[in-house]
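# Architecture at a glance
Listed below, chain by chain, are the residues.
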Amino acid sequence: MLTGVVLGTALGLAELAFLLVAWPARLVPAARPAAGRGLAWLVALERARLARWLDHRTTRGPGGYGFLLARAASGLLGGYVCAAGLFVSGLLLFGGLLDLLGGESQPVPVSLPGVRLVTSSGMLGLTGGAVLLALVTFTGLALAQLERRLADHFLGPGSHELMRRRIAELTSTRSGIVKAVDDERRRIERDLHDGVQQRGIALAMLLGRARHTDDHERIADLVGQAYTESRTLLDELRSVAWRIYPTALDELGLRAALAGVAERSSVPVTVHYGLAGRPVSETETALYFVAREAITNAVKHAAARDILVVLSEDERTVSVAISDDGEGGADPAGGGLSGLARRVLALDGEFTVDSPAGGPTRVAATLPKAPPCG
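Residues numbered from 1 in each chain as written. Predicted model: local features only at pLDDT ≥ 70, side-chain atom pairs only at ≥ 80, totals over all residues. Heavy atoms only, no water.

## With respect to the nonpolar core
Judged by nonpolar contacts, the single largest core of 35 residues is most densely connected at Leu254, Val290, Leu311, Val320, Ile322 and Phe351. Taken together, the elements giving at least two residues each to this core come down to helix H8 (254–264), strand E3 (269–273), helix H9 (281–301), strand E4 (307–313), strand E5 (317–324), helix H10 (335–345) and strand E7 (361–368). By residue number, the principal contributor to this core is H9, which donates nine residues. With residues up to four places along the chain from it excluded, the contact list for valine 290 reads Val320, Ile322, Leu340, Val344, Phe351, Val363 and Ala365. Of all hydrophobic cores here, the second largest spans 16 residues; its members include Ala22, Leu50, Ala144 and Ala151. (Core = buried A, V, L, I, M, F, W, Y, C linked by side-chain atoms within 4.5 Å. Buried < 20%, exposed > 50% of the residue type's maximum accessible area, 1.4 Å probe, protein only. Helix = DSSP H or I, 4+ residues; strand = E, 2+ residues; numbered from the N terminus. Contact = heavy atoms within 4.5 Å.)

Structure, rendered in structure tokens:
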């Protein structure tokens, strides 16, 4: 670490010389490319020094002249303090050791409050050198920490900060996906209670009334109503099962599942499918639920007349964007959209909602092609 600080002193001197030349040269258009190359070279040297001697790796931030100016100041001031301290402490330790080994050490009185001691000059030199060396070491630690903070500020967060942020993100998304699962369970229970259960009660009442009457025409009428109610009950069950998880998604893929959503919608839905192959299962499921929930919201709440779903991809990500011409005003903090956001964030994706009052509304999600590692 001390080697890194001392090297930073020499590099700070070079950076100061560069700034004195390059800063005025930036005013000359022909000199700007050379100044830019020199800046990039010095920043690369700083990254290498930080990684090799201070165990601090940064992201690919731009750096810039501000970083070099701060680095030159801290490197020259702190580095030369450390170098001077090391030099003086080395002289004291070496001189004290020579005095002790050569027998030339002289007694030196040392007065402390309430105590009077007599020690040798050699021992005093060794003690002073050791104390100064300890101070230099603590100063080096402080300078190394300052170097790391400057790098984080100008070059982007370091590896430890990135790890801390990742842990916080994983903790947040883990609790978010648990909440999303709980919300989905409540929705399923509500669908079963308000839809399927009520249909079942109505069916039981019709059959009970038919059982307790002797009028054949009345029985036939009640049985006919019970048959109609049973068909409606089956449709409700299929709808609830489809909202939980569509079998077509596993069997036929995302294109077929979204085609089914479009067919069931009471508003025209156009799907532009631009994916070359099937995404991994987790990503495919998230894309499906984002599209389905956005379509459902547009039909129920936005009074939309037309809905467009566009799926696209690049080398690393897949995206879905759902646009409608409805009234807008969708609340990203609402139950459905916030649940989708938690699902997408749990897969290291990005989720955005743009819905100004009066419309239009655009809901988009971008997810990595590779599933997250943990």
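## So, the packing of aromatic side chains
Counted under the stated rule, the structure contains one aromatic pair. On the numbers, 5.2 Å between centres and 75° between planes, the contact of tyrosine 288 with phenylalanine 289 is edge-to-face. (Phe/Tyr/Trp six-rings, centres within 6.5 Å; stacked < 30°, edge-to-face > 60°.)

## Describing unusual backbone geometry
Backbone geometry places alanine 303, a non-glycine residue, at a positive phi of 55°. Considering the arrangement of structural elements, one finds alanine 303 in the loop between H9 and E4. You can call alanine 303 partly exposed: its relative accessible area is 43%. A positive phi angle is found at aspartate 348, which is not glycine, with a value near 65°. Examined against the element boundaries, aspartate 348 turns out to sit in the loop between H10 and strand E6 (350–354).

## Regarding the pairing of E6
Here five bridges tie E6 to E7, and the two strands are oriented antiparallel to one another. Within E7, the residue paired with valine 353 across the bridge is valine 363. (Pairing = 2+ DSSP bridges.)

## What about a nonpolar patch on the surface?
A surface patch of nonpolar side chains, amounting to about 370 Å² of accessible area, comprises Phe87, Val88, Leu91 and Leu92. With respect to the secondary-structure elements, leucine 92 resides in helix H3 (residues 65–102). We classify leucine 92 as partly exposed; its relative accessible area is 33%. (Patch = residues over 30% accessible without salt bridge, like charges linked within 9 Å, V, L, I, M, F, W, Y side chains within 5 Å. Areas by Shrake-Rupley, 256 points an atom, 1.4 Å probe, with all protein chains shown as cover. Salt bridge = Lys/Arg side-chain N within 4 Å of Asp/Glu carboxyl O.)

## Looking at helix H1 (residues 2–25)
Its 24 residues give H1 an end-to-end C-alpha distance of 34 Å, which sits within 8% of 34 Å, the value for a rise of 1.5 Å per residue. Taken as a whole, H1 carries its principal kink of about 30° at leucine 19. Buried residues of H1: Gly4, Val5, Gly8, Thr9, Leu11, Gly12, Glu15, Phe18, Leu19 and Ala22, and no others. (Expected span 1.5 Å × (residues − 1). Bend = angle between axes of the 7 residues up to and from the residue.)

## Re the pattern of salt bridges
One pass over the full model with this rule turns up eight salt bridges. Residues glutamate 229 and arginine 199 are paired through a salt bridge, measuring 3.1 Å at the closest nitrogen-oxygen approach. Of this pair, glutamate 229 sits in helix H6 (residues 216–244) while arginine 199 is found in helix H5 (residues 159–211), placing the two residues 30 residues apart along the sequence. With relative accessibility at 15%, the residue glutamate 229 sits in the buried group. For the salt bridge of arginine 278 with glutamate 284, the shortest nitrogen-to-oxygen distance reads 2.7 Å. Given the relative accessible area of 48%, arginine 278 is considered partly exposed.

## Here's the deal with the environment of serine 266
Within the secondary structure, serine 266 is located in the loop between H8 and E3. Serine 266 gets classed as exposed once you look at its relative accessible area, which sits at 64%. Once the C-alpha coordinates of serine 266 and lysine 300 are considered, the two residues, 34 residues apart in sequence, prove to be 9.8 Å apart.

## Concerning the sheet that holds E7
With mixed pairing, five strands are arranged side by side in an open sheet as E3-E4-E5-E7-E6. Two strands close off the open sheet at either side, each with one partner strand: E3 and E6. Each neighbouring strand pair of the sheet contributes to a mean axis angle of 10°, computed without reference to strand direction. Contacts between H8 and the sheet are confined to E3 and E4, with E3 contributing the most and set at about 170° to the helix. Sitting on the sheet, H9 is in contact with E3, E4, E5, E6 and E7, with an inclination near 5° to E5. (Axes fitted to C-alpha atoms, helices over the stretch in contact; angles between N-to-C directions.)

## So, the pairing of E4
Here five bridges tie E3 to E4, and the two strands are oriented parallel to one another. Across the sheet, the residue bridging to threonine 270 is leucine 308, located in E4. At this point the chain moves from E3, through H9, to the parallel E4, and the crossover so formed is left-handed. One ladder, built from seven bridges, connects E4 with E5; its direction is antiparallel. Within E5, the position partnered with leucine 311 by the bridge is valine 320. Here E4 folds back onto E5 in antiparallel fashion, the turn holding three residues. (Right-handed = clockwise from strand over helix to strand, strands pointing away.)

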